[in-house]
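Listed below are the residues making up each chain.
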Amino acid sequence: MPMYTFVCRECEQPFERKLRMSQSGDTQECPACSSMDTRKSIGKIAIGGISRSAAPAISAQPSGSPFT
């Protein structure tokens, strides 16, 4: 399940909830002040990539290559 970040409009306290995508638009209760006046906020974004150990090895150029 994805993690969503919300902000309370009453106390301005941010909080996170692990919810199903279908629940992400539902009103969430603020854990700090119990207000139901909250909004979904943009949270951290995970950026994927290839680690060096997972990258393919670079092989030597053939002996007849014009780039050697």
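About the thresholds
- Residues numbered from 1 in each chain as written.
- Predicted model: local features only at pLDDT ≥ 70, side-chain atom pairs only at ≥ 80, totals over all residues.
- Heavy atoms only, no water.
- Helix = DSSP H or I, 4+ residues; strand = E, 2+ residues; numbered from the N terminus.
- Buried < 20%, exposed > 50% of the residue type's maximum accessible area, 1.4 Å probe, protein only.
- Contact = heavy atoms within 4.5 Å.
- Areas by Shrake-Rupley, 256 points an atom, 1.4 Å probe, with all protein chains shown as cover.
- Salt bridge = Lys/Arg side-chain N within 4 Å of Asp/Glu carboxyl O.

Participant: Where do I start with the overall build of the chain in this structure?
Facilitator: What the chain contains, in helices and strands, is 0 helices and 3 strands. Starting at the N terminus, the α and β elements of the chain follow one another as β-β-β. A buried classification covers 19% of the 68 residues belonging to the chain. Counting only contacts in the chain whose residues sit at least 6 apart along the sequence, the fraction spanning at least 24 positions is 27%. Counting every atom, the chain has about 5800 Å² of accessible surface; 52% of that belongs to carbon and sulfur.

Participant: So what exactly am I meant to see when it comes to the pattern of salt bridges here?
Facilitator: Pairs can form between side chains of opposite charge once their charged atoms are near each other. Summed over the entire model, instances satisfying the criterion amount to 1 salt bridge. For Arg-9, the salt bridge identified is with Asp-37, shortest N-O distance 3.4 Å. Of the two residues, Arg-9 sits in the loop between strand S1 (3–8) and strand S2 (14–18) while Asp-37 sits in the loop between S2 and strand S3 (38–41), which places them 28 residues apart along the sequence.

Participant: Would you explain the environment of Glu-12 in this entry?
Facilitator: Note on placement: Glu-12 falls in the loop between S1 and S2. C-alpha separation for the pair Glu-12 and Thr-38, spaced 26 residues apart in sequence, amounts to 8.8 Å.

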